[in-house]
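Descriptive analysis of the structure
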Protein chains: 2
Amino acid sequence: MTRLINLITQTNSIIRRSSTSIGGKTMAKIISGKEVSGQIQAKLREEVGKLSVKPQLAIIQVGSRDDSNVYIKNKIKFAEEAGVLATHHKLPKSTTQEQLIDKLHNLNQDSSVHGIIVQLPLESDSPINTDQITNLIDPEKDVDGLSDINAGKLMHGQVNGMNSYVPCTPFGCLELIKQSGVQIAGSHAVVLGRSKIVGSPMAQLLVWNNATVTIVHSRSKNIPETVRNADIVVAAVGQPFFVKKDWLKPGAVVIDCGITSIPDSTRKSGYRLVGDVDYDQCKEVASAITPVPGGVGPMTVAMLIYNTVDAAKKSLAKSRK
Amino acid sequence: MTRLINLITQTNSIIRRSSTSIGGKTMAKIISGKEVSGQIQAKLREEVGKLSVKPQLAIIQVGSRDDSNVYIKNKIKFAEEAGVLATHHKLPKSTTQEQLIDKLHNLNQDSSVHGIIVQLPLESDSPINTDQITNLIDPEKDVDGLSDINAGKLMHGQVNGMNSYVPCTPFGCLELIKQSGVQIAGSHAVVLGRSKIVGSPMAQLLVWNNATVTIVHSRSKNIPETVRNADIVVAAVGQPFFVKKDWLKPGAVVIDCGITSIPDSTRKSGYRLVGDVDYDQCKEVASAITPVPGGVGPMTVAMLIYNTVDAAKKSLAKSRK
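For clarity, every value in this text was computed on a predicted model and none was experimentally measured.

**Side note on the packing of helix α8 (residues 168-180) of chain B against helix α9 (residues 199-208) of chain B**
Think of two packed helices as two axes; the pair is described by the angle between the axes and how far apart they sit. All names here are of chain B. Two numbers describe how α8 lies on α9: the axes approach to 9 Å, and their chain directions differ by 45 degrees. With respect to α9, the element α8 is oriented oblique. Between α8 and α9 the crossing geometry is right-handed. Along its contact with α8, which presents Pro170, Phe171, Cys173, Leu174 and Ile177, the element α9 presents Pro201, Met202, Leu205 and Leu206. Partitioned by chemical class, the residues of the contact of α8 with α9 number 9 nonpolar, no polar and no charged.

The following block contains the structure:
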């Protein structure tokens, strides 16, 4: 954690546009995840250059979903540019649970592999218990931080400790929140969503960074009122334009984890990507906000490679003992 | 979970005094943990009578702290009355970490033992890593639910699932909240405290029972204001009389996990036990409140034995496969 804070020094350049007044309206700073992730990549490349091993991430894919193919391509590209080896283990749709378990066991035992992720969702012909698979990854190589044991360590306040990893999306969001300049300790954060991958670990990360945290979800009532108390809002509900301008306390920091493709006839592609936040409206009230795309997305990839480099360093430290 | 709900049927008798008006003031219902735990004990005894094995809880103690001796005595007494065997493994202060690990390995392997707890804090001459010890208990026997893996399962929404256990104090609090008659789903709960044993798992339990949950802790600001939004308040900060009457929304349900001994010259013993809530004041505003002693305390013991019986049942179900 501390290392990461030291890792990013050029804070000023990260905020593309400082809070400005346009037509009498104060506009939020736009926190660019693209730029922050670029800086993390540069620092990682520098760190990796000093290591006696090349960090290796194994990416397991079952099937060939289009979205997974794109995500994996981005991960491999980022890794390569950071000097990290990302090996793609693409298994056919016919892969059985037993075969996948065998694959995992081999990678767990391979000391040249420092991080392992299973790209979800799987595309398989036979039934595979995803939860069981996630929990078979050696916790010390679980750089996606999705195993029960890493979640428990986070809940117990071990934030990327000696043998633990925080899921990449909330870990990236935390960095973006820090970039906004808001004082997290003592602030009130509202997290919208309680998923295993984003909402739940995000809430814990904020609690252990000393924020008062409210967890809001699909069964919550009075959501606008609750959000209105927040100094920091993290939206991870998967519903386009969910967070409205009049829900925000003026000056709130808004982090948008949503990414949904909606039809848009004005685009050549026929669609565009939007977040969980009504961005155009909310940027008039927030003090800082992340765009979609180019906000949280690139940070998720950056933190995955950060965790992989971290795993390689921990493995080296262990072998020296 | 569902089983437990079915387990307690005589809801009405549990609330010692219904909300009444005294001298024009409406007084809260007093939720008696003593009575609820008694009912759980009776139901457990009935269930245990039908099992083909006697559930066994192993309690490991290092040293002989006075408070630990009292707690262990209470656990053994409750277990005996519920038809559960509680074996007390009292180790000398001179016990080393290695010896404690050996002891745990033996108990993990002993199929007649269904639940294992290590009574904390340890009183030992040599340094013992408590975290490491807690995590060496077989997760399927970890009836205190304090291991990282059980915490992670809870954070991932597995509430006392096939192989998971929820820590006993928050599990007991949840039962008391249910006894108050409040609708948890959609309500706003504020949890004061983020400890591994009470606050953090309590917040997760409430989230997965569909409450909107705010986690407040030592670094939080505006605590009275935050508490004032709560339909349910769980106090677990370890500070006598911390929660004041004017912090409460009228009609809130108040659960007090605190237990501190303070001097009291009017008592023969010279002291009395008080909670984290200013009980005498708060009962004038709350709709239901737990007393100290006789509230959360007895429930912690009851849920430990509940978890032990549950572990025995799961072990039987597994052996039948």
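**Some points on the interface of chain B and chain A**
The interface is formed by 34 residues belonging to chain B together with 34 residues belonging to chain A. Area buried by chain B at its contact with chain A is led by B:Asp148, B:Met155 and B:His156, which between them contribute 22% of it. Put simply, A:Lys153 and B:Asp148 hold a salt bridge, and the shortest N to O gap is 3.6 Å. In this structure, the connection of chain B to chain A is made through 13 residue pairs in polar contact (both at pLDDT 80 or more). Among the elements of the structure, α7 (148-155), α9 and β9 (212-216) of chain B are those that each provide at least two residues to the side of chain B that touches chain A. When residues of the side of chain B that touches chain A are assigned to their parent elements, the largest contribution, 7 residues, is made by α7(B). In terms of residue class, the side of chain B that touches chain A is built from 13 nonpolar, 14 polar and 7 charged. Across 3 bridges, strand β9 (residues 212-216) of chain A lies against β9(B) in antiparallel orientation. Paired with A:Val213 across the strands is B:Ile215, a residue of β9(B).

**Quick notes on the side chain of B:Arg194**
Within the secondary structure layout, B:Arg194 lies in the loop between β8 (188-192) and α9. One buried charged residue, B:Arg194, remains without a salt bridge, the closest side chain of opposite sign being B:Asp276 at 14 Å. Here A:Asn210 takes part through its side chain, which lies 2.9 Å from a polar atom of the side chain of B:Arg194. Beyond its immediate sequence surroundings of up to four residues, B:Arg194 is in contact with A:Val207, A:Trp208, A:Asn210, B:Gly199, B:Ser200, B:Ile215, B:His217, B:Ser218 and B:Arg219.

**Focus: the sheet that holds strand β7 (residues 115-118) of chain B**
Residue and element names in this part refer to chain B. Strand order in the open sheet formed by 3 strands is β6-β5-β7, and the pairing between neighbours is parallel. Since the sheet does not close on itself, it has two edges, and those belong to β6 (85-91) and β7, each with one partner. Neighbour to neighbour, the strand axes of the sheet diverge by 15 degrees on average, direction disregarded. Contacts from helix α4 (residues 66-81) reach β5 (56-62), β6 and β7 within the one sheet, and its direction differs from that of β5 by about 170 degrees. Lying over the sheet, helix α5 (residues 97-109) contacts β5, β6 and β7, oriented at roughly 180 degrees with respect to β5.

**Points about the pattern of salt bridges**
Counting across every chain of the model gives 26 salt bridges over all chains. One salt bridge connects A:Lys245 with A:Glu284, and the closest N-O pair in it is separated by 2.9 Å. Placement of A:Lys245 in the loop between β10 (232-235) and β11 (253-256) and of A:Glu284 in the loop between α11 (279-282) and β14 (288-289) is noted, with a sequence separation of 39 residues between them. Taking relative accessible area as the criterion, A:Glu284 reaches 25% and is therefore assigned partly exposed. Here B:Glu140 ties to B:Lys318 by a salt bridge, and the two come within 2.8 Å at their closest N and O atoms. Highlighted residues: B:Glu140 in the loop between α6 (130-134) and α7 and B:Lys318 in helix α12 (residues 296-320), separated in sequence by 178 residues. Of the residues examined, B:Glu140 reaches a relative accessible area of 31% and is grouped as partly exposed. Sharing partners across several salt bridges, the network here consists of A:Asp264, A:Arg267 and A:Arg272.

**Quick word on the pairing of β6(B)**
When a strand is regular, its side chains alternate between the sheet's two faces. Residues and elements named next belong to chain B. Bridge analysis of β5 against β6 gives 7 bridges, and the strand direction is parallel. The partner of Ala58 across the bridge, within β6, is Thr87. Chirality of the crossover, the property in question, places the unit of β5, α4 and β6 among those that are right-handed.

**Some details on the nonpolar core**
It is characteristic of soluble globular proteins that their nonpolar side chains tend to be buried jointly. In this structure, A:Leu206, A:Ile305 and B:Leu206 are the most contacted members of the largest nonpolar core, which totals 114 residues. Ignoring any residue separated from it by four or fewer positions in sequence, one finds A:Leu206 in contact with A:Leu174, A:Ile177, A:Ile184, A:Ala189, A:Val191, A:Ala211, A:Val213 and A:Val234.

**Regarding the packing of aromatic side chains**
Counted under the stated rule, the structure contains 4 aromatic pairs over all chains. Summarising the aromatic geometry, the rings of A:Phe171 and A:Tyr306 are spaced 5.6 Å apart at their centres and angled 75 degrees between planes, so their arrangement reads as edge-to-face. Here A:Phe171 is found in helix α8 (residues 168-180), whereas its partner A:Tyr306 is found in helix α12 (residues 296-320), with 135 residues between them in sequence. Of the two residues, A:Phe171 and A:Tyr306, neither departs from the other in class, the shared state being buried. For the pair B:Phe242 and B:Trp247, a centre-to-centre distance of 5.3 Å together with 85 degrees between the ring planes defines the contact as edge-to-face.

Quick notes on the rules
- Residues numbered from 1 in each chain as written.
- Chains lettered and ligands numbered in written order.
- Predicted model: local features only at pLDDT ≥ 70, side-chain atom pairs only at ≥ 80, totals over all residues.
- Heavy atoms only, no water.
- Axes fitted to C-alpha atoms, helices over the stretch in contact; angles between N-to-C directions.
- Helix = DSSP H or I, 4+ residues; strand = E, 2+ residues; numbered from the N terminus.
- Parallel < 35°, antiparallel > 145°, perpendicular 65-115°, else oblique.
- Left-handed = near helix turned anticlockwise from the far one by under 90°.
- Contact = heavy atoms within 4.5 Å.
- Nonpolar A, V, L, I, M, F, W, Y, C, P; charged D, E, K, R; others polar.
- Buried area = accessible area lost by both parts, 1.4 Å probe.
- Salt bridge = Lys/Arg side-chain N within 4 Å of Asp/Glu carboxyl O.
- Polar contact = N/O pair within 3.5 Å; in protein donor to acceptor, adjacent residues only side chain to side chain.
- Pairing = 2+ DSSP bridges.
- Buried < 20%, exposed > 50% of the residue type's maximum accessible area, 1.4 Å probe, protein only.
- Lys, Arg positive; Asp, Glu negative; His and termini not counted.
- Right-handed = clockwise from strand over helix to strand, strands pointing away.
- Core = buried A, V, L, I, M, F, W, Y, C linked by side-chain atoms within 4.5 Å.
- Phe/Tyr/Trp six-rings, centres within 6.5 Å; stacked < 30°, edge-to-face > 60°.

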